[in-house]
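# Structural features, examined
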Amino acid sequence: MLTIDAKNVDFYYSEFHALKNINLEVEKNKVVALIGPSGCGKSTFLRLLNRMNDLIDGTRMTGSVLIEGKDIYAPGIRVDELRKEVGMVFQKPNPFPKSIFENVAYGLRVNGISDKNFIEERVVQSIKSAALWDEVKDKLNKSAFALSGGQQQRLCIARTLAISPKVVLMDEPASALDPISTAKIEELIYELKKDYTIMIVTHNMQQASRVSDKTAYFYLGEMIEYDDTIKIFTNPKELSTQNYITGRFG
Amino acid sequence: MLTIDAKNVDFYYSEFHALKNINLEVEKNKVVALIGPSGCGKSTFLRLLNRMNDLIDGTRMTGSVLIEGKDIYAPGIRVDELRKEVGMVFQKPNPFPKSIFENVAYGLRVNGISDKNFIEERVVQSIKSAALWDEVKDKLNKSAFALSGGQQQRLCIARTLAISPKVVLMDEPASALDPISTAKIEELIYELKKDYTIMIVTHNMQQASRVSDKTAYFYLGEMIEYDDTIKIFTNPKELSTQNYITGRFG
Amino acid sequence: MRHLEQEINSLRQDIIEMWRMTISQVYNAGEAILSFDKDLAMQVSMRERKIDAFELKIDSECENIIALHQPVAIDLRLVLAVLKINSNLERIADFAYGISRILLANPSLILDAELITDSKLNSMIQQVNKMLAQGLEAFETEKPQIAAAIFSEDYQVDEINANVSRKIAEYIKKNPERAYECLQLMGVFRKLERIGDHCSNIAEEIFFFTDAKILKHTDKKL
Amino acid sequence: MRHLEQEINSLRQDIIEMWRMTISQVYNAGEAILSFDKDLAMQVSMRERKIDAFELKIDSECENIIALHQPVAIDLRLVLAVLKINSNLERIADFAYGISRILLANPSLILDAELITDSKLNSMIQQVNKMLAQGLEAFETEKPQIAAAIFSEDYQVDEINANVSRKIAEYIKKNPERAYECLQLMGVFRKLERIGDHCSNIAEEIFFFTDAKILKHTDKKL
Amino acid sequence: MQVKRFFEKLIEGFLLISGSITSITILLIVIFLFKEASGLFTTPVVEEGYVLAFNKENPIKHLNAYQIKQIFDSEISNWNEVGGKDMPIEVVRLSDLTNYYTEEELGAEFEHIPAKASELTAKTPGIVLFLPKQYVAKKFDGILLDHETIRPGDFFGGKEWYPTSTPSAQFGLLPLILGTFWVSLGAILLALPFGLAVAVYLAEIASMRVRNVLKPLIELLAGIPSVVYGFFGLVVIVPFLQQTFGLPVGETALAGSIILAIMALPTIITVAEDSMRTVPRAMKEASLALGATHWQTIYKVIVPYAKSGIMSAAVLGIGRAIGETMAVLMVTGNAAVIPHTLLEPVRTIPATIAAELGEAPVGSGHYQALFALGAILFLITMIISISVELISKKKYAK
Amino acid sequence: MQSKRISQAIAFTLFKLMSYAVIVILVLILGFIISRGIGVINWEFLTAAPEEGMTKGGIFPAIVGTFYLIIGSSLFSFPIGIMSGIYMNEYATDNKLASFIRIMTNNLSGVPSVVFGLFGMALFVNTLGFGDSILAGSLTLGLLSLPLVIRTTEESLKAIDNSFREGSLALGATKLQTIQKVVLPMAFPNIITGLILSIGRVSGETAPILFTVAAYFLPKLPNSIFDQVMALPYHLYVISTSGTDIESSRAMAYGTAFVLISIILIINILASVLRNYFAKKVKMN
Ligand SMILES: Nc1ncnc2c1ncn2[C@@H]1O[C@H](COP(=O)(O)OP(=O)(O)OP(=O)(O)O)[C@@H](O)[C@H]1O
Ligand SMILES: Nc1ncnc2c1ncn2[C@@H]1O[C@H](COP(=O)(O)OP(=O)(O)OP(=O)(O)O)[C@@H](O)[C@H]1O
Ligand SMILES: [Mg+2]
Ligand SMILES: [Mg+2]
Ligand SMILES: O=P([O-])([O-])[O-]
């Protein structure tokens with residue numbers, strides 16, 4: 001079964017047609033990178049997958065998005081339940097002003113889990129999965145704000161992993177970080193794909209090439225090309241894609 | 001004569017020793033990139049060259065910096081005169097809330113030039129040098145805010161060129177821009193070095209490799225290595241440099 | 001024009017230049033051997049160092065482009081293709097040099113007209129000259145179909161070469177005292193065969209560059 | 001470990017594997033020719049396709065690393081060196097195959113023990129085997145000094161080869177009826193010489209990789 | 001889960017209700033203020049319970065409050081001055097009846113007053129008789145001016161504020177409006193240059209240390225209650241002005257302006273400084289990097305960029321001055337006359353309300369007049385709020 | 001070129017002088033009140049009722065009255081104001097209703113205090129029949145401070161980056177959970193300081209209580225919320241302008257002004273201490 005299956009998706013901000021007939025399928029445990037010039041609709045598409053766009057007034061969608069076969073825009077779908085399945089990591093690290101532990105436990109708690117042992121186990125495991133354990137194990141009760149930007153971003157990833165999502169969405173997760181932290185995040189993504197399906201928006205072509213299995217190139221709300229990353233970066237089908245990735249664009 | 005010649009420069013923020021015995025020479029019409037992990041002192045060094053650090057209380061410098069042979073920290077140096085010689089472009093595009101024309105004319109006006117024809121000529125020429133003319137020639141009287149981010153940044157460059165600096169400093173000039181605008185800025189830098197000496201701070205190693213003739217690697221306030229860019233990127237002398245540029249750092 | 005494009009254009013110019021020099025080396029070496037022109041051979045021999053230097057230059061251009069510009073897609077394929085074409089060309093030039101060395105090292109290498117005709121040396125030389133020219137044309141015009149012809153031509157070169165051993169052996173049997181010269185001649189054929197081979201490799205690289213197809217070690221029926 | 005490091009490690013493993021296969025091909029081809037072992041020659045011949053496939057694999061690994069990971073400094077040098085070492089190894093293996101083909105194509109290629117000793121075939125074979133092994137060791141241990149030995153050894157191989165023409169010519173003069181076999185044998189020597197040459201190239205690449213020194217077309221006095 | 005849903009909806013409802021409370025308040029203010037205020041224009045010009053009476057022959061049908069006051073103050077003595085025939089006015093108050101009739105004639109219990117009043121009116125052509133309603137005869141032989149109400153023109157154009165005068169209270173807005181205007185104008189003229197200077201100084205020139213001392217001080221002063229400022233004005237500024245200018249009284253418009261200026265300073269300083277501080281650092285550095293001096297940077301970049309904030313500061317300062325009550329009440333002397341110089345006592349709208357509302361009987365004309373003042377004040381501040389809104393929006397419209 | 005430097009020197013000197021002039025005036029006011037008032041303060045002054053036409057005795061009833069009014073108005077304005085702020089910033093995101101409410105709130109905050117007095121009198125005292133009472137006064141003051149509380153709350157909430165909300169929602173939290181567990185705790189320090197400062201405002205207001213609660217002289221303490229009380233600001237007004245013997249009640253006036261200022265001072269200090277405390281807490285733990 002496909003993990004993500006977007007069919008004929010059209011999206012509008014009021015009158016503005018932001019996404020045009022997008023069809024995109026993602027298999028389990030793959031990393032898909034979305035690239036394209038600014039304003040082409042990458043973030044919009046990403047936020048469609050956990051219905052984060054619902055928060056914006058006057059938006060409208062047609063077509064369907066299936067996550068593990070379930071239509072997430074069907075009536076009766078509980079958005080908060082969906083968002084547990086489809087985690088999200090944002091551009092700027094945004095840990096809550098709580099302790100490191102509580103940050104990771106947050107998702108569990110708001111989802112009604114109160115079993116202490118379970119929470120503790122899950123938190124530790126998530127922090128480990130986010131390759132952060134060694135750096136924070138002695139200060140789980142310290143404020144998350146005391147961490148560096150790169151550590152904060154990994155904490156945010158740990159926080160997302162704690163609720164055991166099937167899909168992890170990342171919108172330019174490293175664009176606010178320095179090269180060293182960026183490299184760590186990229187490594188982490190590479191590790192995580194063993195257990196999760198990941199979709200990442202990035203402005204950094206090299207990043208897309210390094211971390212992803214497949215790459216989708218968006219332009220003016222259309223998905224121009226979607227193929228194996230190596231294909232896109234060595235021999236894209238579309239001239240528009242080639243122009244973009246070789247920097248001949250515009 | 002060397003365009004920039006920093007000798008035994010030490011710099012302190014109050015107690016914090018931010019730059020340690022930096023010696024760096026730049027020849028005319030070269031592009032020098034400063035790279036290094038966050039907080040290593042790149043921006044501090046850059047801002048030393050037009051005495052922008054003067055604005056911060058409690059800073060202290062020893063050693064000397066010569067621009068075209070003139071010690072810019074000598075007593076009696078007029079900072080505003082110096083800053084005309086050493087232009088600066090910032091991380092985020094920061095045009096003034098004036099028209100495009102007035103933005104570029106600003107530097108001339110504050111320096112006491114009032115000859116209309118001269119100003120007009122200079123403005124046009126600067127905008128052309130900044131590879132922006134075709135895009136703005138019909139709307140010189142429109143607000144600069146109506147331009148896109150990339151255009152704004154080129155406008156800021158034009159504004160700097162208008163006062164005919166000898167050196168142009170750029171602190172991550174493209175980090176807030178998308179890849180297409182970034183590519184344009186990089187191209188522009190490549191063009192500009194025909195007439196200016198350029199020093200650019202960048203977090204983007206690829207950018208450093210693409211635009212610069214020489215690269216300086218900073219680490220914890222020290223300049224670890226300074227060499228031809230091609231040398232740094234194919235065969236750096238120092239292991240620390242190699243680890244940084246190959247991403248093995250930390 | 002963009003900086004990377006400029007670099008790539010100049011790389012392209014350089015490899016074409018290298019190509020032309022190589023073509024002229026091979027042509028001259030062939031002429032020299034056919035007309036037993038030692039001066040020409042000397043010329044070829046002296047040009048060798050220049051080609052070597054040019055190879056290094058192109059090699060480092062390619063490396064610099066990769067190290068500094070992170071080319072992708074068509075740009076990357078061009079650089080990688082040039083990298084390989086370059087070493088093939090150098091090799092080819094090397095063989096031309098080898099041929100001229102043979103001529104210069106064997107003042108007594110006076111070849112029997114009959115043997116020459118019989119062994120098809122002339123047509124083999126023409127063939128590789130043609131292949132080299134075709135390669136260059138295919139590269140310059142980015143038309144892989146032109147390169148495609150090279151594969152079948154190389155086949156003919158190989159055929160000539162396969163028969164030449166026998167022809168020369170027969171000749172030796174008749175003229176054992178000329179065994180050494182014949183062995184030297186044999187070397188010329190071997191070298192021409194290798195040139196043909198390298199032309200094939202170059203054709204493969206042209207396909208890789210234009211169409212991202214990898215033809216190496218496949219039969220080249222297109 | 002980092003993703004790129006993993007990729008590079010696996011590339012390294014692959015080129016070493018390729019190297020080992022090539023070494024074994026050359027060794028077997030040598031053994032086959034020396035002991036006139038057609039079965040062994042057959043084996044070498046059959047392994048050739050595998051090596052070709054492996055070459056392609058490594059080639060595309062290198063290209064992928066360059067396209068996807070933008071390696072710089074030591075990483076880039078490794079990838080570029082591997083790219084070239086790889087094609088050298090393939091070439092070497094090709095020659096081993098060629099030698100085995102000669103054996104298989106000439107059932108009558110029974111060589112005179114005296115000629116063999118005289119022409120130093122044995123020691124030439126040993127020499128190239130050694131050079132190949134040294135190359136691998138230098139690469140694995142990243143010790144360019146080991147590679148340095150290869151240059152002088154190649155010199156010896158060239159020497160043997162330079163004399164072999166004369167030796168064989170003399171032999172032919174004595175036994176003109178065996179001219180064809182001798183020409184074939186000559187081919188074996190040529191191929192061994194080429195292997196030696198390629199080993200030198202590999203050594204150059206090792207220097208490039210470890211020390212970023214470009215030794216090509218220079219005299220290798222270190 | 002279902003319970004949780006419901007609970008959330010419920011809370012959302014509460015929040016909505018709370019959110020609308022300010023709007024409701026504004027609405028209520030409008031309703032109450034304007035309802036009471038509009039009562040003013042149905043109030044008779046003549047004091048409640050009294051009437052004015054004229055001779056039948058007198059063509060005068062209307063008199064406004066000011067005319068009545070002038071007539072009774074003998075400032076008008078001929079009917080032609082108010083549009084009637086040329087004959088002298090004869091003012092007769094109830095108590096004056098004894099000049100025309102003896103006590104007996106009027107009756108021991110004054111039971112004959114209605115008849116006599118009627119009679120007197122009938123026989124005196126120039127009469128204007130001011131009479132409690134209870135003494136108006138059933139068949140009164142004359143014209144009664146009892147339905148006449150205060151007209152808006154009287155209120156807005158009225159030059160006198162004298163709510164306790166009889167027979168006709170004076171609710172002329174002009175002196176109050178002008179008082180408010182003069183005091184506020186004086187205040188803002190004093191406060192603006194100083195306020196902006198301090199704002200520029202704090203935002204740009206002062207060192208961090210100086211700023212860290214001054215800023216909390218200014219915030220503190222913003223919090224000091226207006227009565228305290230008023231008190232200070234009363235005990236320090238008022239005597240000071242009296243001595244300096246040799247005035248009969250120190251309580252003058254100028255005293256009010258000075259105190260208001262001081263009170264408006266923190267507002268102006270804080271808003272203007274904040275808006276100058278929001279000028280991106282990058283903007284400032286850009287200017288310096290182009291070789292501009294600091295001062296050039298301030299007036300060419302920072303001030304224009306913060307323009308809308310600075311204008312808001314000015315407008316808010318004016319708003320504060322106009323609406324301020326207690327301090328002004330305490331130092332301006334509260335004379336409801338149209339001022340000619342700043343050195344005279346004046347009375348502002350808010351001070352009037354504060355001073356008089358306690359004494360005005362609920363529902364009386366006076367009470368309603370004060371609400372009308374409140375309504376005017378409310379409108380003025382509304383206009384100010386909206387203009388601030390527009391000014392700060394404009395920043396982004398460009 | 002010299003001219004641009006000279007103009008800078010002149011301008012900066014001028015600004016500096018003007019600034020210091022202003023600061024001196026402001027400090028003078030404070031210093032004057034404090035120096036005259038501090039001598040008046042003693043135990044009796046703080047705990048006794050006024051005597052002898054308010055020329056003797058203390059201001060205890062006024063202190064208590066002000067205290068009641070602070071409590072009363074806060075009970076009204078805090079919950080409603082905070083909820084309103086939450087509604088405006090979190091729920092009514094960008095629709096017309098929200099901007100209408102926002103304009104209304106701004107307008108309300110610009111309404112002069114005396115108009116609140118008028119309105120309170122009309123609505124609470126007369127229409128609702130509370131009479132002059134703590135209840136009427138508190139409600140009036142509550143309404144007056146409402147825009148302040150709302151604005152403080154809204155601004156504190158606005159200062160919180162949207163990414164925190166999105167972060168919480170993306171973890172499957174509902175909107176209310178997000179507000180409750182992430183947004184409010186983060187905004188809490190700023191809200192609290194804002195609330196404290198609003199108390200300062202309330203405690204000094206005179207005009208709104210003139211006609212809704214304040215008593216000229218009332219030596220006894222109130223028994224219920226329907227009683228009148230004295231209040232410090234009104235008391236100061238009264239004894240400095242219309243006391244029976246203005247001259248001899250001057251000392252009382254200075255004392256009262258001093259107490260008023262002290263309250264403001266304490267509130268400001270409290271607010272800044274809290275602000276620092278919370279700022280540190282966020283950084284530290
Ligand atoms: N809330 C919104 N209301 C209206 N239009 C919007 C909104 N958000 C985005 N858009 C428009 O939709 C288009 C796609 O936006 P989106 O944020 O998805 O682009 P993007 O590809 O992620 O760009 P970037 O790389 O700059 O983040 C843009 O043209 C943008 O202007
Ligand atoms: N105003 C300041 N006061 C005190 N320390 C400062 C100040 N500005 C910078 N520093 C310190 O000086 C060091 C160097 O700072 P600088 O901004 O030059 O680094 P950078 O190399 O430009 O880093 P980045 O890549 O993050 O911009 C850092 O450790 C920083 O914390
Ligand atoms: Mg985006
Ligand atoms: Mg050579
Ligand atoms: O250089 P070659 O491998 O063709 O002999």
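Quick note: structure is the one above.
Residues numbered from 1 in each chain as written. Chains lettered and ligands numbered in written order. Predicted model: local features only at pLDDT ≥ 70, side-chain atom pairs only at ≥ 80, totals over all residues. Heavy atoms only, no water.

### A short note on the nonpolar core
Selection criterion: Residues belong to one nonpolar core when they are buried, are Ala, Val, Leu, Ile, Met, Phe, Trp, Tyr or Cys, and are joined through side-chain atoms within 4.5 Å. The buried label goes to any residue with under 20% of its type's maximum accessible area, the exposed label to any with over 50%, and the partly exposed label to all in between, with areas taken from a 1.4 Å probe on protein chains only. Note: domain ranges come from an automatic or database domain assignment.
Ranked by internal contacts, the top residues of the largest apolar core, which has 249 residues, are Leu24(B), Leu34(B), Phe45(B), Met199(B) and Trp79(E). In terms of domain composition, this core takes at least three residues from each of domain 1 (50–148) and domain 2 (174–397) of chain E. Grouped together as the second largest cluster of nonpolar side chains are 161 residues, Ile116(C), Leu121(C), Ala169(C) and Met18(D) included.

### Details of the coordination of the magnesium ion (ligand 4)
Residue and element names in this part refer to chain C. Going by this rule: Only nitrogen, oxygen and sulfur atoms qualify as donors, provided they sit within 2.8 Å of the metal or within 3.2 Å for Na, K and Ca; with water excluded from the atoms, sites may seem incomplete. Secondary structure follows DSSP: runs of H or I at least 4 residues long count as helices, runs of E at least 2 residues long count as strands, and numbering of each begins at the N terminus.
Those donors, Glu48 (OE), Asp52 (OD), Glu90 (OE) and Asp94 (OD), are the protein atoms that reach the magnesium ion (ligand 4), and they lie 2.3 to 2.7 Å from it. For the magnesium ion (ligand 4), the donor residues sit on a single chain with the sequence spacing E-x3-D-x37-E-x3-D. Here glutamate 90 lies in helix α3 (residues 73–105) and glutamate 48 lies in helix α2 (residues 38–69), a separation of 42 residues in the sequence. For the pair formed by glutamate 48 and glutamate 90, the shared burial category is buried.

### Considerations on the site of ligand 5
How we decide: Throughout this document, a residue counts as near a molecule or strand when at least one of its heavy atoms sits within 4 Å of that molecule or strand. Polar contacts, as used here, are pairs of N or O atoms within 3.5 Å; protein pairs need one atom able to donate a hydrogen and one able to accept it. Residues neighboring in sequence count only if both atoms are side-chain atoms. Note on areas: Shrake-Rupley, 1.4 Å probe, and residue coverage restricted to the protein chains presented here.
Around ligand 5, the neighbouring residues are Arg91(C), Phe95(C), Arg194(C), His198(C), Arg91(D), Phe95(D), Arg194(D) and His198(D). At 3.3 Å from an oxygen atom of ligand 5 is found a side-chain nitrogen or oxygen belonging to Arg91(D). His198(D) places a polar side-chain atom, nitrogen or oxygen, 2.6 Å from an oxygen atom of ligand 5. Isolated, ligand 5 exposes 200 Å² of accessible area, and the fraction of that covered by the protein chains is 100%. For the shell around ligand 5, the secondary structure elements donating two or more residues are α3 and α7 (179–211) of chain C together with α3 (73–105) and α7 (179–211) of chain D.

### Considering the pairing of strand β6 (residues 86–89) of chain A
All names here are of chain A. Note the following rule: Pairing between two strands is assigned when DSSP locates at least 2 bridges connecting them.
Burial along β6 is two-sided: the residues Val86 and Met88 and Gly87 and Val89 are all buried. Note: β6 against strand β7 (residues 167–171), four bridges, orientation parallel. If you follow valine 86 over to β7, its bridge partner there is valine 167.

### Examining a nonpolar patch on the surface
Put simply, the rule is: Excluding any residue in a salt bridge, patches collect residues exceeding 30% relative accessible area, merging like charges within 9 Å and nonpolar Val, Leu, Ile, Met, Phe, Trp and Tyr side chains within 5 Å. Between Lys or Arg on one side and Asp or Glu on the other, a salt bridge is scored when a side-chain nitrogen of the former is within 4 Å of a carboxyl oxygen of the latter.
A surface patch of nonpolar side chains, amounting to about 440 Å² of accessible area, comprises Phe6(E), Leu10(E), Phe14(E) and Ile17(E). Topologically, Ile17(E) is positioned in helix α1 (residues 2–19).

### Re the interface of chain D and chain B
Reports of interface size often rely on the accessible area that becomes lost once the parts have come together. The line we're drawing: Note on contacts: a residue pair is in contact if any heavy atoms of the two residues lie within 4.5 Å. A simple way to read buried area is as the amount of 1.4 Å-probe accessible surface that goes missing from two parts once joined, with both sides added.
Counting residues at the interface gives ten residues for chain D, matched by ten residues for chain B. Taking both partners together, chain D and chain B bury about 850 Å²; carbon and sulfur atoms supply 49% of that area. Among the residues of chain D in contact with chain B, Arg2(D), Val72(D) and Ala73(D) are the three that bury the most area, contributing 43% of the side total. Run the count over chain D and chain B and you get zero salt bridges.

### Some remarks on the pattern of salt bridges
It is possible for side chains bearing opposite charge to pair when their charged atoms get close. Tallied over the full model, the rule gives 62 salt bridges over all chains. For the salt bridge of Glu63(C) with Lys84(D), the shortest nitrogen-to-oxygen distance reads 4.0 Å. With Glu63(C) in helix α2 and Lys84(D) in helix α3, the pair connects residues from two separate chains. Summarising the burial analysis for this pair, Glu63(C) and Lys84(D) share the class buried. The partner of Glu273(E) in a salt bridge is Arg277(E), with the nearest N and O atoms 2.7 Å apart. In this pair, Glu273(E) and Arg277(E) both sit in helix α11 (residues 253–277), four residues apart, roughly one turn of the helix. With relative accessibility at 0%, the residue Glu273(E) sits in the buried group. Salt bridges linked by common partners bring Arg78(B), Asp80(B), Glu81(B), Lys84(B) and Arg5(F) together as one network.

### Some remarks on the packing of helix α1 (residues 3–35) of chain C against helix α5 (residues 121–141) of chain C
What describes two packed helices is the angle between their axes and the distance between those same axes. All names here are of chain C. Threshold: Angular values range over 0 to 180 degrees, each being the angle between N-to-C directions of two axes fitted as lines to C-alpha atoms, with helices fitted over their stretch in contact. The cut-offs work like this: below 35 degrees is roughly parallel, past 145 is roughly antiparallel, 65 to 115 is roughly perpendicular, and the gaps in between are oblique. When residues are sorted by character, Ala, Val, Leu, Ile, Met, Phe, Trp, Tyr, Cys and Pro go into the nonpolar class, Asp, Glu, Lys and Arg into the charged class, and all the rest, Gly among them, into the polar class.
Here α1 crosses α5 at 170°, and the two axes come no closer than 10 Å. As summarised for this structure, α1 and α5 are arranged roughly antiparallel, according to the angle between their axes. Listed contacts from α5 to Arg12, Ile15, Ile16, Trp19, Arg20, Ile23, Val26, Tyr27, Gly30, Ile33 and Leu34 of α1 are Leu121, Asn122, Ile125, Val128, Asn129, Leu132, Ala133, Gly135, Leu136, Phe139 and Glu140. Looking at the contact of α1 with α5, its residues break down into 15 nonpolar, four polar and three charged.

### Section: the sheet that holds strand β2 (residues 90–93) of chain E
All names here are of chain E. Reading across from one edge, β2-β3-β1-β4 is the order of the four strands in this open sheet, with mixed pairing throughout. Each edge of the open sheet carries a strand with a single partner, namely β2 and β4 (143–145). Between one strand axis and the next, the sheet turns through 25° on average, direction left out of account. Seen against the sheet, helix α6 (residues 113–123) touches β1 (50–54), β2 and β3 (127–132) and runs at an angle of roughly 165° to β3.

### A closer look at the state of the cysteines
Residues and elements named next belong to chain C. Just so we agree on the cut-off: Cysteine sulfur atoms are paired as a disulfide whenever they fall within 2.5 Å.
Tallying each qualifying case throughout the model produces zero disulfides over all chains. Counting only cysteine sulfurs, cysteine 62 is the nearest neighbor of cysteine 199, a cysteine outside any disulfide, at a range of 19 Å. The exposure class assigned to cysteine 199 is buried, which follows from its relative accessible area of 2%.

### Structural notes on helix α4 (residues 116–129) of chain B
Residues and elements named next belong to chain B. Selection criterion: One fewer than the residue count of a helix, multiplied by 1.5 Å, yields its expected span.
For α4, with 14 residues, the first-to-last C-alpha span of 20 Å sits near the 20 Å given by 1.5 Å per residue. Residues of α4 that are buried: Ile119, Arg122, Val123, Val124, Ser126 and Ile127. Close packing links the buried residues of α4 with α3 (100–110), α5 (133–136) and α6 (149–162). N-capping of α4 is provided by aspartate 115, with a side-chain oxygen placed 3.0 Å from the backbone N of asparagine 117. Positive phi appears at alanine 131, one or two residues downstream of α4, with a value of about 55°.

Read these as spatial facts, not as claims about activity.
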